[in-house]
Amino acid sequence: MAKTRNVFVCQECGHQAPKWVGRCASCGGWNTLVEEVLEKAGTKAPAWGRREDGLRPQAVRISDIEPLASPRLVCEDPELNRVLGGGIVPGSLILCGGEPGIGKSTLLLQLALQLGSKVLYVSGEESEEQLKMRAERIGIVNEQCFILTETQVEAVLQRLEEHQPALVIVDSIQTLYTDSIESAPGSISQIRDCASALMRYAKTADVPVFLIGHINKDGQLAGPKILEHMVDTVLQFEGDRHHTYRILRTLKNRFGNTSELGIYEMTGSGLRPVDNPSEILISQRDEALSGISIAAAMEGLRPLLIETQALVSSAVYGTPQRTCTGYDLRRLNMLLAVLEKRCGFRLGAQDVFVNIAGGLRVEDPGMDLGIVAAILSSYQNLSLPGDIVYCAEVGLAGEVRAVNRIEQRIAEAEKLGFNQIIVSKYNRLQEPEKRRIKVIQTGRVDEVFSLLFG
Ligand code: TYD
Ligand code: MG
């Protein structure tokens, strides 16, 4: 029998200590050390680093290395392809995290059912019957999709050898365990060992492996940070459970852009990719209301027109409230200070609420001008013209600053039938007079105000 020893392992960074201490010496996290039983043997080098003849690898010239022969596996789901940078890279390990009930299992079962080749879905969370029910809701029949309800990683690997699938999905990494260590499934050393066993499989068999990961109460992926370092791609599935829209983001991608984003709608029959997000993010209404504006933001390489709502009302209590949903509160406070100091609006005694439609979270500074317009519209109690899009950053001096990819943003506004777009005069434009949409360029926030309200 393998010799075992007890160690205290930090659940944040994987640091090991012989004794319990309140604060991890490596990452500084408080109360993160948990006792685990480890096998005496040290961790092994990854298998693809070793050659079959047992010799250590030689250094090779980069120009002599053959590029990957096998092309990416392109799935039917255009949003997933986009987020992964153009399809699934063979042999890659992809971690998909998200809150419980957000739809991780649904997304990946749907992928398994849509893919034309053999898929093995390893489930430690749901029974075969439950997965069958889910598959029936999704409504795709696929003879090539196999379900394995097994949680011991050695047994999983054996089944993988037998079935030789083209894609593996593990739901979830926290339920797997290996017999070689004694700690409970979901503990840091179990997660690390199971993930590295699956990584070795992925690299040697050249099969992509998806791992579903839980997130803890702070919204971080549960388990060691090294799990995120180990995998090739980290996807985060997020969204508001009360809204039907879900967003798939890349947090890390060794084979593509990390600023990409996929948008889905949760329907009664699975997740539907949304290919025209701007249309769903702008609500259709007949009457003009105050405090509503449309901003052109970028999410990754994709322009999105987003509706912003603001409500400004006199504060009842001494300290006015400032609340934001889907936008950075500190940035809102900055915009309010700019309006107060540079443009003379008395917002200091007002409650201000800002809401981004559709349960989306945006960080693009190009949203600033749209938010300012919505706030001023609500403050003045005057509705804004419905055919204008706003697209610029607002600086501390009250100047309207240029944003990136302006042409794409203007084109999106034009495509959706808007007549005017307000941008910064510092953005250099290519032949704006040739466009159907009227491009208005301004340099200061107060100019925008007089333009809108006269
Ligand atoms: P699930 O995939 O189980 O989430 P996770 O694996 O991230 O915990 O998500 C299930 C939720 O999605 C559940 O609340 C029901 C809902 N749902 C639908 O609305 N339509 C569907 O077709 C399916 C399969 C699930
Ligand atoms: Mg699940």
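Residues numbered from 1 in each chain as written. Chains lettered and ligands numbered in written order. Predicted model: local features only at pLDDT ≥ 70, side-chain atom pairs only at ≥ 80, totals over all residues. Heavy atoms only, no water.

(A) Inspection of the sheet that holds strand β9 (residues 233-238) at higher detail. If you trace the nine strands from one edge of the open sheet to the other, you get β6-β5-β7-β8-β4-β9-β10-β11-β12, paired in mixed fashion. Across the chains shown, the open sheet's two edge strands, defined by having one partner strand only, are β6 (145-148) and β12 (270-273). Shown here is a sheet whose adjacent strand axes are inclined to one another by a mean of 25°, direction ignored. The pairing of strand β5 (residues 119-123) with strand β7 (residues 167-171) spans five bridges and is parallel. Looking at the pairing, L120 lines up with V168 of β7. Lying on the sheet, helix α4 (residues 153-163) is in contact with β5, β6 and β7; it crosses β6 at an angle near 155°. (Pairing = 2+ DSSP bridges. Helix = DSSP H or I, 4+ residues; strand = E, 2+ residues; numbered from the N terminus. Axes fitted to C-alpha atoms, helices over the stretch in contact; angles between N-to-C directions. Contact = heavy atoms within 4.5 Å.)

(B) Main features of the site of ligand 1. If you check the shell around ligand 1, you find 15 residues, and the closest are G101, S105, T106, T267 and G270. At a separation of 3.4 Å, an oxygen atom of ligand 1 approaches a polar backbone atom of I102. Take G103: an N or O atom from its main chain is 3.0 Å from an oxygen atom of ligand 1. Computed on the free molecule, ligand 1 has an accessible area of 560 Å², of which 75% lies beneath the protein chains in the complex. Elements represented by at least two residues in the shell around ligand 1 include exactly α2 (104-114), α3 (128-138) and β11 (261-267). Of the residues forming the shell around ligand 1, the biggest block, three residues, is contributed by α2. In terms of residue class, the shell around ligand 1 is made up of three nonpolar, eight polar and four charged. (Near = heavy atom within 4 Å. Polar contact = N/O pair within 3.5 Å; in protein donor to acceptor, adjacent residues only side chain to side chain. Areas by Shrake-Rupley, 256 points an atom, 1.4 Å probe, with all protein chains shown as cover. Nonpolar A, V, L, I, M, F, W, Y, C, P; charged D, E, K, R; others polar.)

(C) Focus on α2. Within α2, ten of the eleven residues are buried, which leaves the element mostly enclosed by the surrounding structure. Within α2, burial applies to K104, S105, T106, L107, L108, L109, Q110, L111, A112 and L113. (Buried < 20%, exposed > 50% of the residue type's maximum accessible area, 1.4 Å probe, protein only.)

(D) Seen up close, the packing of helix α9 (residues 368-380) against helix α11 (residues 445-453). Taken N-terminus to C-terminus, the directions of α9 and α11 make an angle of 50°; their axes are 11 Å apart at the nearest point. By the angle between their directions, the pair α9 and α11 is classed as oblique. Every pair of crossing elements has a handedness; the one defined by α9 and α11 is right-handed. Residues L369, V372, A373, L376, S377 and Q380 of α9 form the contact with α11, whose own contacting residues are V445, V448, F449, L452 and F453. The class makeup of the residues in the contact of α9 with α11 is nine nonpolar, two polar and no charged. (Parallel < 35°, antiparallel > 145°, perpendicular 65-115°, else oblique. Left-handed = near helix turned anticlockwise from the far one by under 90°.)

(E) A look at helix α10 (residues 406-415). The buried count for α10 comes to seven of ten residues, which makes it a mostly enclosed element. Among all positions of α10, only I406, E407, R409, I410, E412, A413 and E414 are buried. Each element contacted by the buried residues of α10 is listed here: α7 (277-281), β13 (292-299), β14 (302-314), β17 (388-390), β20 (420-424) and β21 (438-442).

(F) Examining the pairing of strand β16 (residues 350-356) more closely. Where burial is concerned, most of β16 is hidden: five out of the seven residues are buried. The pairing of β14 with β16 spans seven bridges and is antiparallel. Looking at the pairing, S314 lines up with Q350 of β16. In this sheet, β16 lies alongside strand β15 (residues 322-325) in parallel orientation, the contact comprising four bridges. Pairing of T323 across the sheet is with F353, part of β16. You can see the chain leave β15, run along helix α8 (residues 329-343) and come back into β16, and the turn it takes is left-handed. (Right-handed = clockwise from strand over helix to strand, strands pointing away.)

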